[in-house]
Amino acid sequence: MQEKDEGMRKPLSDLSSRLFDILIIGAGINGCATARQLAADGYDVLLVDKGDFGGRSTARSGRVLHCGLQLLAPRSSVWEYLRRPEELIERIGMARRTALDYAELLGALGPRLRPMHVAVPIYRGGGYSGWQVDLGAWLIRCFCGGRNAFCYRRWKRPGGAPHALAEMFANREALGSVVSFVDQRFEWPERIAIDAALDAEEMGAFIRNYTNVGSLVRRADNVWQAELTNVPDDGQKITAQARLVLDLAGVWVDEVIGRVGGAGTIEKKIVCVKGVYVLVRLADKYRGAGVAGHNSIGEPITCLPWGDLHYIGPTETLFTRGPEELRPEDEDVRFLVQEINRLLPGIGVGEDDIVLAWAGLRPITAAPGLPKGKRLPFNVLHDLADEGLEGMMTLSWGIIVHHRSTARRIAAAVAAKIPPSRPSNAFAWLPRQFPARASPLLQPGYPTTLADLSFCIDHEHARDLVGVLFSRTGIAWTAGLTRPTLKLAAKTIGDSLGWSREETATQIHMFIEYMKIHHRYKMLE
Ligand SMILES: Cc1cc2nc3c(=O)[nH]c(=O)nc-3n(C[C@H](O)[C@H](O)[C@H](O)COP(=O)(O)OP(=O)(O)OC[C@H]3O[C@@H](n4cnc5c(N)ncnc54)[C@H](O)[C@@H]3O)c2cc1C
């Protein structure tokens, strides 16, 4: 069957006669970053995703580029570390890696990051005291070559606080001090994944979204065969071949492993932990200020700046339903509203203040006896050769902060198995900008132009309104999207994709429903 040509999409049949070095299943932040690293190293890479690039957990993250300090905090008390020194050693190792990655990304991703001034209360009789946090901050500074890149400071004076939001902390009589530091927000992380996928493509990788991997077979000659179909399924089916398979399918890694014909019993690699965030408008005096603390069940809760708005979250609930059923539910929202008012009494956030919400699934490493998985370490690479699947590797709990160093680690593991088939590439990995062209703005106050929308279709593999308005331009993340803007965007995108009037109307309707269900967003008129 001949495939309908949509934008820049290459037909599935282009893949069937090629033998790739590496097949990467899953184009979230980890799949995209790894594809770019391997393409740079000279490997012939095929990167596929059953949805859009970066469109799943990566797009639903908490978006914090941590400086590493938080990782040194014990679960309940620093004295725990006397009983379990190995935990302290693990945390110091993770904090070091995070501090180094923070410094690397700060240099590399400047325009994609937003600084956030975060204040944390230190209560007398709590798990740690002020001087212990000072010590942790000193350690992070040492990891960064002595630079205080994260602007750490402790406010010891009673009542001292770095900003108006920190003045709202509960239980002020027990407040020993307040620390503040600068974390960064990935403005919208799926764009970072898309940039990486496009870099990989420019270096010769074959990248294809909306392409599902079905069954996987390892032939007697050690070549992997993967059955690929379009999403939605149009009846085409081809077999792609690769010398090595990287299963970077996030919360689907176990499902992908389950598709390998003849695989014995393979241990479950991940558990899904749902997290919800809500976006609210607070009083002007709180603009730009962020806080982090603990909720009533001892889990982290933050209220962080997002342009003129703030986002509050996350929740942490075990999720055992299918990922397709994921959405922010009433109970998630109620919980967050209750907890933020508990952390910051007087802030007066109500459910009606919420302008947008989202829910994501964390692919946390499965571990016996830990229903919500093993939180540390991050980025666990599993060589499935150890379990009988030679030439296949997978990753659990790969977070965004570490995506570049994780990609390098995966590339090193690949290099230990197979050599690249091409010379390596020298390539500048800079955040991509839309080409400057004279074109009307899509919506006043936001830099995206109509020409940018067409560019997303013609050069960035976008296929729908979500892919353009969220993932590639980020405009829908502002919570300011209006119905006229949506209509204009649909018309522009539809012109590039050849949508009829009826198709354009259907796409608009589907987008509004998507916003309602997945973002609790009511389109502005
Ligand atoms: C609520 C929440 C808060 C978080 N906060 C932070 C934070 O503040 N900072 C941070 O660094 N990290 C954070 N994370 C973690 C981070 O977002 C994720 O760990 C990371 O995005 C996972 O990326 P991934 O590439 O492994 O998975 P994903 O982004 O989910 O990508 C996997 C891809 O595999 C594809 N796929 C699955 N099956 C198939 C198949 N059969 N065929 C083809 N493709 C397939 C999927 O479509 C998907 O796109 C948070 C996560 C959540 C949910």
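Residues numbered from 1 in each chain as written. Predicted model: local features only at pLDDT ≥ 70, side-chain atom pairs only at ≥ 80, totals over all residues. Heavy atoms only, no water.

## Details of the overall build of the chain
Move 1: Along the backbone of the chain there are 12 helices and 19 strands.
Move 2: Expressed as lengths along the three principal axes of its C-alpha atoms, the size of the chain is roughly 70 × 55 × 40 Å.
Move 3: Counting all 525 residues of the chain, 57% fall into the buried class.
Move 4: In the chain, 73% of the contacts between residues at least 6 apart in sequence involve partners at least 24 apart.
Move 5: Counting every atom, the chain has about 21800 Å² of accessible surface; 55% of that belongs to carbon and sulfur.
Move 6: Charged side chains in the chain number 63 positive and 60 negative. The centres of these two groups are separated by 5 Å. (Helix = DSSP H or I, 4+ residues; strand = E, 2+ residues; numbered from the N terminus. Buried < 20%, exposed > 50% of the residue type's maximum accessible area, 1.4 Å probe, protein only. Contact = heavy atoms within 4.5 Å. Areas by Shrake-Rupley, 256 points an atom, 1.4 Å probe, with all protein chains shown as cover. Lys, Arg positive; Asp, Glu negative; His and termini not counted. Charge placed at Lys NZ, Arg CZ, Asp CG, Glu CD.)

## Structural notes on the nonpolar core
Move 1: Counting 111 residues, the largest nonpolar core has L246, V414, L469 and F511 as the members making the most contacts within it.
Move 2: Examining the composition of this core, we find that seven residues originate from one element, helix α5 (residues 189-202), more than from any other.
Move 3: Not counting residues within four places of it along the chain, the set of residues in contact with V414 comprises I22, L38, Y43, L244, L246 and M393.
Move 4: The next biggest cluster of nonpolar side chains, apart from the first, holds 63 residues, and it includes V48, A249, V337 and I347. (Core = buried A, V, L, I, M, F, W, Y, C linked by side-chain atoms within 4.5 Å.)

## A closer look at the state of the cysteines
Move 1: All chains considered together, the criterion is met by zero disulfides.
Move 2: Not engaged in a disulfide, the cysteine C32 finds its nearest cysteine sulfur in C456; these two sulfurs lie 15 Å apart.
Move 3: A relative accessible area of 0% means that C32 is categorised as buried.
Move 4: C303 forms no disulfide, and the closest cysteine sulfur to it belongs to C67, at a distance of 18 Å.
Move 5: With a relative accessible area of 2%, C303 lands in the buried category. (Disulfide = S-S within 2.5 Å.)

## A look at unusual backbone geometry
For residues besides glycine, phi is generally negative; the peptide bonds are generally trans as well.
Move 1: V231 connects to P232 through a cis peptide bond whose omega is -5 degrees.
Move 2: Position of P232 relative to the elements: it lies in the loop between β9 (224-230) and β10 (237-247).
Move 3: Omega for the bond connecting G313 with P314 falls within 30 degrees of zero, at 0 degrees, which places this linkage in the cis form.
Move 4: Structurally, the position occupied by P314 is in the loop between β14 (309-313) and β15 (317-318).
Move 5: The phi angle at N379 is positive, at roughly 50 degrees, despite the residue not being glycine.
Move 6: With respect to the helices and strands, N379 occurs in the loop between β17 (370-374) and β18 (380-383).
Move 7: According to the relative accessible area criterion, N379 is buried, its value standing at 1%.
Move 8: In this model, R520 sits at a positive phi of 50 degrees, which is unusual for a non-glycine residue.

## What about the environment of E90?
Move 1: Looking at the secondary structure, you find E90 in helix α3 (residues 85-108).
Move 2: Excluding its chain neighbours within four sequence positions, the residues that come into contact with E90 are K374, L376 and P377.

## Some remarks on the domain arrangement of the chain
Move 1: Domain parsing of the chain yields domain 1 (12-58 + 190-269 + 375-415), domain 2 (72-186 + 271-367) and domain 3 (450-519).
Move 2: Listed as interface residues are 10 residues of domain 2 and, on the opposing side, eight residues of domain 3.
Move 3: Summing both partners gives a buried area of about 710 Å² for domain 2 against domain 3, and 63% of it is carried by carbon and sulfur.
Move 4: Interface area lost by domain 2 to domain 3 is led by W306, R327 and L356, which between them contribute 52%.
Move 5: Put simply, domain 2 and domain 3 have zero salt bridges between them.
Move 6: On the surface where domain 2 and domain 3 come into contact, there are two residue pairs in polar contact (both at pLDDT 80 or more).
Move 7: Ranked by the residues each element gives to the side of domain 2 that touches domain 3, the list is headed by strand β16 (residues 354-367), at four residues.
Move 8: Split into classes, the residues belonging to the side of domain 2 that touches domain 3 amount to nine nonpolar, no polar and one charged. (Domains from an automatic or database assignment. Buried area = accessible area lost by both parts, 1.4 Å probe. Salt bridge = Lys/Arg side-chain N within 4 Å of Asp/Glu carboxyl O. Polar contact = N/O pair within 3.5 Å; in protein donor to acceptor, adjacent residues only side chain to side chain. Nonpolar A, V, L, I, M, F, W, Y, C, P; charged D, E, K, R; others polar.)

## Focus on the site of the ligand
Move 1: Around the ligand, the structure places 38 residues, and the nearest of them are D49, T58, G62, G398 and V401.
Move 2: At a separation of 2.6 Å, an oxygen atom of the ligand approaches a polar side-chain atom of D49.
Move 3: Between the ligand and V213 there is a distance of 3.0 Å, counted from a nitrogen atom to a backbone nitrogen or oxygen.
Move 4: Protein coverage of the free-state accessible area of the ligand, which is 1000 Å², stands at 97%.
Move 5: If you list the elements that add at least two residues to the shell around the ligand, you get α1 (29-40), β8 (211-218), β11 (270-280) and β16.
Move 6: Top contributing element to the shell around the ligand by residue count: β16, with four residues.
Move 7: Its residues assigned to classes, the shell around the ligand shows 16 nonpolar, 15 polar and seven charged. (Near = heavy atom within 4 Å.)

## Some points on the packing of α3 against helix α8 (residues 403-415)
When two helices pack together, you describe them by how their axes are tilted relative to each other and by the distance separating the axes.
Move 1: Viewed as axis vectors pointing N to C, α3 and α8 meet at an angle of 110 degrees, and their least axial separation amounts to 9 Å. Classified by the angle between their axes, α3 and α8 sit roughly perpendicular to one another. Seen from α3, the contacting residues are R97, D101, E104, L105 and A108; seen from α8, they are H403, R404, S405, T406, R408 and R409.
Move 2: In terms of residue class, the contact of α3 with α8 is built from two nonpolar, three polar and six charged. (Axes fitted to C-alpha atoms, helices over the stretch in contact; angles between N-to-C directions. Parallel < 35°, antiparallel > 145°, perpendicular 65-115°, else oblique.)

## Quick word on the pattern of salt bridges
One side chain can pair with another of opposite charge once the charged atoms of both are near each other.
Move 1: On inspection of all chains with the given rule, the structure shows 38 salt bridges.
Move 2: A salt bridge links D284 to R287; its shortest N-O distance comes to 3.3 Å.
Move 3: Overall, R287 belongs to the partly exposed group, its relative accessible area being 46%.
Move 4: Within this structure, R36, D199, E202 and R432 form a network of salt bridges that share partners.

## Brief notes about helix α11 (residues 483-497)
Move 1: Compared with an ideal rise of 1.5 Å per residue, which puts 15 residues at 21 Å, α11 spans 21 Å between its outermost C-alpha atoms and is within 8% of the ideal.
Move 2: Here the buried face of α11 lies against α9 (450-459), α10 (465-472) and α12 (501-519).
Move 3: Positioned one or two residues after α11, G498 has a phi angle of 75 degrees, which is positive. (Expected span 1.5 Å × (residues − 1).)

## Considerations on α5
Move 1: The end-to-end C-alpha separation of α5 is 20 Å, in line with the 20 Å expected for 14 residues at 1.5 Å each.
Move 2: Where burial is concerned, most of α5 is hidden: 12 out of the 14 residues are buried.
Move 3: Of all the positions in α5, only P189, E190, R191, I192, A193, I194, D195, A196, A197, L198, D199 and A200 are classed as buried.

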